[in-house]
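Now for the letters of each chain:
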Amino acid sequence: MDFFIKQRVFSFRDQFTVFNREKKPVYKVGGKFFSIGDQLAITTSEGVPVLQIKQHVFSLMPRYSIANDEKELCVVSKKMSFLRARYEIEPLGWTIEGSLFDHHYAVKDGTTTIMTVEKEWLSWGDTYHLHVGEPRHETISVALMIVLDMVHHQKSKNQSAP
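Model, not experiment: these values are computed from the prediction. (Residues numbered from 1 in each chain as written. Predicted model: local features only at pLDDT ≥ 70, side-chain atom pairs only at ≥ 80, totals over all residues. Heavy atoms only, no water.)

S.K.: Explain the sheet that holds strand E7 (residues 72-78) here, please?
M.R.: Each strand in a sheet pairs with another by means of backbone hydrogen bonds, the pair being arranged parallel or else antiparallel. Overall, antiparallel pairing links the 12 strands, which are arranged E1-E2-E3-E4-E5-E6-E7-E8-E9-E10-E11-E12 in a closed barrel. Between one strand axis and the next, the sheet turns by 20 degrees as a mean value, whatever way the strands run. The pairing of strand E5 (residues 49-55) with strand E6 (residues 63-67) spans four bridges and is antiparallel. From the neighbouring strand, glutamine 55 faces E6, where its bridge partner is tyrosine 64. (Pairing = 2+ DSSP bridges. Helix = DSSP H or I, 4+ residues; strand = E, 2+ residues; numbered from the N terminus. Axes fitted to C-alpha atoms, helices over the stretch in contact; angles between N-to-C directions.)

S.K.: What is the right way to read the environment of proline 25 from this model?
M.R.: Mapping proline 25 onto the fold places it in strand E3 (residues 25-31). For proline 25, the residues in contact, after removing those within four places along its chain, are Thr17, Val18, Phe19 and Ser45. (Contact = heavy atoms within 4.5 Å.)

S.K.: Honestly, the side chain of aspartate 149 in this entry has me stumped. Any pointers?
M.R.: The topology assignment puts aspartate 149 in helix H1 (residues 138-160). As a buried residue without a salt bridge, aspartate 149 has its nearest oppositely charged side chain in lysine 119, at a separation of 6.1 Å. Separated by 2.5 Å, the side chains of aspartate 149 and tyrosine 128 make a polar contact. Aspartate 149 has contacts with Gln7, Phe16, Asp126 and Tyr128, leaving out every residue within four places of it along the chain. (Buried < 20%, exposed > 50% of the residue type's maximum accessible area, 1.4 Å probe, protein only. Lys, Arg positive; Asp, Glu negative; His and termini not counted. Salt bridge = Lys/Arg side-chain N within 4 Å of Asp/Glu carboxyl O. Polar contact = N/O pair within 3.5 Å; in protein donor to acceptor, adjacent residues only side chain to side chain.)

S.K.: Can you walk me through the pattern of salt bridges in this structure?
M.R.: A side chain of one charge can pair with a side chain of the opposite charge when the charged atoms of the two come close. A full pass over the atoms with the stated rule returns four salt bridges. Residue aspartate 2 pairs with arginine 21 through a salt bridge whose shortest N-O separation is 2.3 Å. Here aspartate 2 is found in strand E1 (residues 2-7), whereas its partner arginine 21 is found in the loop between strand E2 (15-20) and E3, with 19 residues between them in sequence. The network of salt bridges with common partners includes Lys79, Arg86 and Glu88.

S.K.: Would you take a moment to explain the nonpolar core for this structure?
M.R.: The nonpolar side chains of a soluble globular protein tend to be buried with one another. Membership of the largest hydrophobic core comes to 39 residues, with the highest contact counts inside it found for Ile42, Ile53, Ile66, Ile96, Leu130, Leu144 and Ile146. At 10 residues, the largest contribution of residues to this core is made by H1. In this structure isoleucine 146 touches Ile5, Phe16, Val29, Leu40 and Ile53, once residues within four positions along its chain are discounted. (Core = buried A, V, L, I, M, F, W, Y, C linked by side-chain atoms within 4.5 Å.)

S.K.: In this structure, what is going on with the packing of aromatic side chains? I would like to understand it.
M.R.: The geometry of an aromatic ring pair is captured by the separation of the ring centres together with the interplanar angle, meaning the angle of the planes. Throughout the structure, instances matching the rule amount to zero aromatic pairs. Over the ring of phenylalanine 4 we find lysine 23; its NZ or CZ atom is 5.9 Å from the centre of that ring. Directly above the ring of tyrosine 87 sits lysine 78, whose terminal nitrogen or CZ lies 5.5 Å from the centroid. (Phe/Tyr/Trp six-rings, centres within 6.5 Å; stacked < 30°, edge-to-face > 60°. Lys NZ or Arg CZ within 6 Å of the ring centre and 35° of its normal.)

S.K.: What is the right way to read the pairing of E1 from this model?
M.R.: A regular strand places its side chains on the two faces of the sheet in alternate fashion. As defined by bridge partners, E1 adjoins strand E12 (residues 127-132) across five bridges and the pair is classed as antiparallel. Its bridge partner being in E12, isoleucine 5 is matched across the sheet by tyrosine 128. Bridge analysis of E1 against E2 gives five bridges, and the strand direction is antiparallel. Among the inter-strand pairings, phenylalanine 4 is bridged to a residue of E2, identified as phenylalanine 19.

Without other data, these values stay purely geometric and don't point to any function.
Take a look at the structure:
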């Protein structure tokens, strides 16, 4: 299953729209205006809540929780690594590995690829192509891609600060 995730360019908060292969909106992602750390909600295109993403602000390396209305599903933690992006997803036992420069990532459960994501370079605003192997991993894969984007942009903000 393929999805295309487009970030809204002119917005005071993080906003994304997730499209299916037929270019129909499937999910919307919106950030909270005034919050300590990043907090985003994923809803269906009709506005039904699906998942929430929250940044752990008092952490040495970037950490984000992904939860539904009932419970926390996982915590995504960036790990120290040189020239490669590496994350662990607990308690699922998944990992994310990829290229910091190309913005190509793969989520794996051991040797099985759960999803891949690539940033499209010639587009207005951040646009990503997400490929999900199984329908049951659809929403968590969208959330993981959003976490990758937030970590990347947080790094950019930190490097541009004096």
